[in-house]
Every structure is written in structure tokens, then in C-alpha cells.
Amino acid sequence: MADRIGFIGLGIMGKPMAWNVMEAGYDLVVYNRTREKAEEISGDGATVADSPREVAEGSDVVITMLPDSPDVWEVVSGENGVLEGIEEGALLVDMSTISPVVTRELAEEAEGRGASMLDAPVSGGDVGAQEGTLSIMVGGGEEDFERARPLFEVMGQTITHVGPSGAGQTAKAANQIVVALTIEAVSEALVLGSKAGAAPEKILEALSGGLAGSKVMEAKREKFLSHTFDPGFRVELHHKDLGIALAAGREYGVPLPVTAIVDQMLGSLKVKGKGDKDHSTILTLIEEGAQHRIGEGV
């Protein structure tokens, strides 16, 4: 077990992930741009740092969990960033969902400092983060992956070394395509079934038992049925992720036509002021088009 783990980014996902690492017995030093969030976890035994650099200076392994590529770039490579304080032989594990291009550039910078880096984005939402059951997709060296595996096993359940640097982010882009398109498909099914007179909960029950069944139905069931769209994963973040996927499609010459449509739907929700809502709020766009709220008149 490493002497001390650094954790940067204590949002909806990062905070429970950091807490699980600490509960496993690791000494933890944390940093968050909003210091109050870091101080919340310090009451459970973590040490609060004043900068990403200070986190790196006191850590053998530094984990970052941040919203987007610019955030990771600033925290890792910016002034008072991780790379200014990282020690030779240290390991940086970025668990954010960002551009594979940015990932590879940062990995080269880390190598130039005598350290190494893994990209290890996750899937499973806030519930998976809380329960330590995330799916973790990892890019980077095999030896670094094995070094980080005990930490991954604390935070996740399905842990896959996908390939070299950037491969984890590519796998996450693929994951986000499937999740977004599945949410949209379930939304269409619910609105069609409900407007035709079937109870939404019965539709989900029937579909879950066949080939159409999915984790999306299980994880988002109550949000669909209650129309309570408190974020597990925000619309604005999934919109960002599909942007990464579409950019990768252009780079590699892969058409992603339906991904582009759902990307536009998420963009529409942001314009409507729903960027901070859960991505399952895609349902409301289908309802608006049908002039029917699921469950009404059933």
C-alpha cells in the first residue's frame, strides 16, 4: 500500500470515490477548488492541501477527478499544478473523462518529469461511486496498471486495462455513446407506451426482462417515473462527453449519426436551462414532442 494518496476533485463522483479510498486504510491528502468540499472530507481523516502542487509533493499516487479537459490541464500542467510538485517514480491517475489527445500530451509531460500516468475514466454514476462498483477503463503501461489496481478495486468492480495511453478515454467515449443512446431509446419507449395507455412502471418491468433490458433502466428507473432529475450525471457533462466521441469519430473516419442527434438533444436541454439536471431528463424532450407526460391518463 502506498504511504499516501492524493485526490483532486471532490464533486458528485470524486467525493465518494475519495472517501472509499480513505475507508480502505489509505492516508489521503485532498484538494478541491472550492475548499469547503475538501474540508468536509477532512473531518473523516483526510489532510487538506492548498494547491495541486502541494498534493503531489505529499503523495506517491495522485488521482484527479475533474469535469473537462481544460480543468485537468490546468490542475496537472498549470501554475502550482501537479507536475510542479510530482516526485520521480510517482504515478498520476486521471479518472476524469477528457480528450484522448490531451491525455497523451499530459502523459508525455509526466514522463518528462520521471513520473508516469494512467487514464482511468469511470462509468456507473454517483451510485457506483458511492458503492465502489464503478466500471473503470484504463489506458497506460501494464506495470503502472498493476500498481494502481488495489486502488481501482476499492473504487470499482469492473476494471479493464484497455491498452496504451489514451485507450481508457477512447473506451469511455464508446461507453458514453451507448449510455446516451440507451437513455433516449428508453425515453421514446416510455412516452409511446404511456400515451398508448400502458403504465410506465409496467413498461419498464416488461422490457427489463428481455433483450431490451439494461443498466440504464435499472439505474434511472425512479428518475424516469418520478420526474425527479436531481443529477447523478449532469446533462452538460454528457454533452461534453459526446463532443469528445464525435471528435474521435471525425479523427478516425467513423460516422456516428445517431450520436450526433442525441448530442443535439443534450445541447437543447442546456439551452432550456437544464444543463445541471440528470441526463435522464432527455425524457422531457420526447414528452414535449408528444405533448404527453408519462403516466398521465393511464
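Residues numbered from 1 in each chain as written. Predicted model: local features only at pLDDT ≥ 70, side-chain atom pairs only at ≥ 80, totals over all residues. Heavy atoms only, no water.

**What about the side chain of Glu 287?**
Next, step 1: Tracing the backbone through its elements, the reader meets Glu 287 in helix H14 (residues 282–290).
Next, step 2: Buried charge without a salt bridge: Glu 287, with Arg 293 as the nearest opposite-charge side chain at an N-O distance of 5.5 Å.
Next, step 3: If we skip the residues at most four places from it in the chain, Glu 287 touches Val 191, His 227, His 292, Arg 293 and Ile 294. (Helix = DSSP H or I, 4+ residues; strand = E, 2+ residues; numbered from the N terminus. Buried < 20%, exposed > 50% of the residue type's maximum accessible area, 1.4 Å probe, protein only. Lys, Arg positive; Asp, Glu negative; His and termini not counted. Salt bridge = Lys/Arg side-chain N within 4 Å of Asp/Glu carboxyl O. Contact = heavy atoms within 4.5 Å.)

**Some details on the pattern of salt bridges**
Next, step 1: Enumeration according to the criterion identifies 12 salt bridges in this entry.
Next, step 2: Put simply, Glu 205 and Lys 202 hold a salt bridge, and the shortest N to O gap is 3.7 Å. In this pair, Glu 205 and Lys 202 both sit in helix H10 (residues 200–208), three residues apart, roughly one turn of the helix.
Next, step 3: With relative accessibility at 52%, the residue Lys 202 sits in the exposed group.
Next, step 4: What you see here is one network of salt bridges that share partners, running through Arg 35, Glu 39 and Asp 50.

**Looking at unusual backbone geometry**
Next, step 1: Of note, Asn 80 is a non-glycine position whose phi angle comes to about 60 degrees, a positive value.
Next, step 2: Topologically, Asn 80 is positioned in the loop between helix H4 (69–77) and helix H5 (82–85).
Next, step 3: Among the residues examined, Asn 80 registers a relative accessible area of 35% and is labelled partly exposed.

**What about the packing of aromatic side chains?**
Next, step 1: Applying the stated rule across the entire model yields one aromatic pair.
Next, step 2: A centroid spacing of 6.2 Å and a plane angle of 35 degrees characterise the contact between Phe 145 and Phe 152, whose relative ring orientation is tilted.
Next, step 3: Accessibility expressed as a relative area gives 1% for Phe 152, which makes it buried. (Phe/Tyr/Trp six-rings, centres within 6.5 Å; stacked < 30°, edge-to-face > 60°.)

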